[in-house]
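# Fold and contact review
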Amino acid sequence: MADAPLFPVTVVGSWPRSTELIRALRRKEAGEITYAEFSAMADAEVLACIRAQEEAGVDIISDGEQRRDNFYSFAVDKLTGMQLMKVSELLDYSTDRARMEEVLRALDVPSFAIKSPIVVDRIGKKQGLALDELAFMREHTDRQIKVPLPGPYMLTRSSWFEGLSDKAYPSPDDLAKDVVEILREEIIALRDQGCDFVQLDEPTLSQVVFGEETTETFMCAALPNRRDPTDELEMAVRLMNETLEGIEGIKTGVHICRGNWSKKEEVLLTGNYGPMLPYLVQMNIDQLVLECATPRAGEMEVFKEYSNEKEIGLGVVNPRTDDIEPAGQIVARVKELLQYFDADKIYLNPDCGFGTFAERNVNTHEMAAKKMQVITEAAEILRAEYA
Ligand SMILES: [Zn+2]
């Protein structure tokens, strides 16, 4: 990354999927076509997504997660021992179905459309989690490449479900050992095959910290029996550090946001990073990729105590809104953060992806491109001033 300009512009991962792609995805999930057949159909969409990012001036691009149903459920295509289950199907195994239904309604979670990879047997690798995605990108772009992966805490917590997973793994901690091993091997392979930046997604940590008693059932199958948030945060730090131990030669980041399943801001979680930062800085990662544009992310003064401890991937646009943030507003936000981070420690990105869940794009391809374009414009203004 030696030649990277100041304020590199990047994405968090996902890009809106087309109707045709979603249709093909459904056919794959129904078993009508194989993953390989589906993936070949997705190639053109990935190419369009690569070109859109290049044209918008994005420095470190992703494949838009076009081959994934969502940022963690795609693990079922790549691992054995997992089964894709709709949140609505998990209701049948819930100990308090009525409450869970009520929560899903209140949170505007489309339980029929959001799916989780549930562990039903010992897990193993069919193929690398994202090596096929990386190989395709390497063939079609010269830009630096970011590959998002589910973080070890997220993957463990979202896939272990009592009544379905406990025969293979008595507890989430047992499952975590295999998850860590698989992710470690994956990151090493991604590095060896030319990936520049691996981002581990841990958005469920915001449920742990900011979730009320009633908001724990979504995206996090195993949280109904919630433990002390401190235990969960410590577990997340431990699993992250076990996963990354001794790995060098690739930029690593952790992504946190407060949910990206609905355009209704009021149903998404709220709270500043204060309670989380003491744990995030203990993770042996290079960068915190954080949602910061939405007012729900709270005040930025919380970074004062942790200035320059990590790089920050600063969320400067809200992927869910239908207006384009002015470049001047982005510049002002970055200047606010320059109180706490040196210029060479700040990366610019949207708060989250533009289509975290395949069937719930939070914006259009055109708006995603425009929002990335304005981030680039802001970066150029900043580079002129701080280079
Ligand atoms: Zn996110």
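Going by the structure above, here's the rest.
Since we're looking at a predicted model, the values are computed, not measured. (Residues numbered from 1 in each chain as written. Predicted model: local features only at pLDDT ≥ 70, side-chain atom pairs only at ≥ 80, totals over all residues. Heavy atoms only, no water.)

## Concerning the sheet that holds strand S5 (residues 197-201)
Reading across the sheet, the 7 strands line up as S1-S4-S5-S6-S7-S8-S9 and stay open at both edges, with parallel pairing between neighbours. Each edge of the sheet is formed by a strand with only one pairing partner; in this case those strands are strand S1 (60-61) and strand S9 (346-350). For strand S7 (residues 287-290) and strand S8 (residues 311-317), the ladder comprises 4 bridges, and the chain directions are parallel. For glutamine 287, the partnering residue across the bridge sits in S8 and is glutamate 311. Along the sheet face, helix H13 (residues 365-386) touches S8 and S9 and points at about 160° away from the line of S9. (Pairing = 2+ DSSP bridges. Helix = DSSP H or I, 4+ residues; strand = E, 2+ residues; numbered from the N terminus. Contact = heavy atoms within 4.5 Å. Axes fitted to C-alpha atoms, helices over the stretch in contact; angles between N-to-C directions.)

## Let's talk about empty space enclosed by the protein
Tallied over the entire structure, the rule returns 3 cavities of 30 Å³ or more. Forming the walls of the largest cavity are 15 residues, and the residues nearest its centre are Phe71, Asp201, His255, Cys352 and Thr356. Its residues assigned to classes, the lining of the largest cavity shows 6 nonpolar, 7 polar and 2 charged. (1 Å grid on protein atoms, 1.4 Å probe; cavity = no way out; pocket = protein on both sides within 12 Å on 5 of 7 lines; lining within 4 Å. Points joined across faces, edges and corners; volume = space filled by probe spheres on them. Nonpolar A, V, L, I, M, F, W, Y, C, P; charged D, E, K, R; others polar.)

## Points about the packing of aromatic side chains
For the structure shown, the criterion picks out 8 aromatic pairs. Summarising the aromatic geometry, the rings of phenylalanine 197 and tyrosine 347 are spaced 6.5 Å apart at their centres and angled 90° between planes, so their arrangement reads as edge-to-face. One end of the pair, phenylalanine 197, is in strand S5; the other, tyrosine 347, is in strand S9, with 150 residues separating them in the sequence. Tyrosine 347 carries the same exposure label as phenylalanine 197, and that label is buried. Ring pairs connect the aromatic residues Phe71, Tyr72 and Phe357, which therefore count as one cluster. Of note, lysine 146 hangs over the ring of phenylalanine 197, and the distance from its end group to the ring centre comes to 4.5 Å. Taking the ring centre of tyrosine 273 as reference, the NZ or CZ of arginine 258 above it sits at 4.1 Å. (Phe/Tyr/Trp six-rings, centres within 6.5 Å; stacked < 30°, edge-to-face > 60°. Buried < 20%, exposed > 50% of the residue type's maximum accessible area, 1.4 Å probe, protein only. Lys NZ or Arg CZ within 6 Å of the ring centre and 35° of its normal.)

## Quick notes on the pattern of salt bridges
Applying the stated rule across the entire model yields 25 salt bridges. Between glutamate 32 and arginine 27 there is a salt bridge, with its nearest N and O atoms 3.3 Å apart. Lysine 28 is the salt-bridge partner of aspartate 77, the closest N and O atoms lying 3.0 Å from each other. Here aspartate 77 is found in helix H3 (residues 75-78), whereas its partner lysine 28 is found in helix H1 (residues 19-29), with 49 residues between them in sequence. In this structure aspartate 77 comes out as buried when scored by relative accessible area, which is 14%. Taking relative accessible area as the criterion, lysine 28 reaches 10% and is therefore assigned buried. Where salt bridges share partners, they join Arg26, Glu29, Asp69, Lys115 and Glu359 into one cluster. (Salt bridge = Lys/Arg side-chain N within 4 Å of Asp/Glu carboxyl O.)

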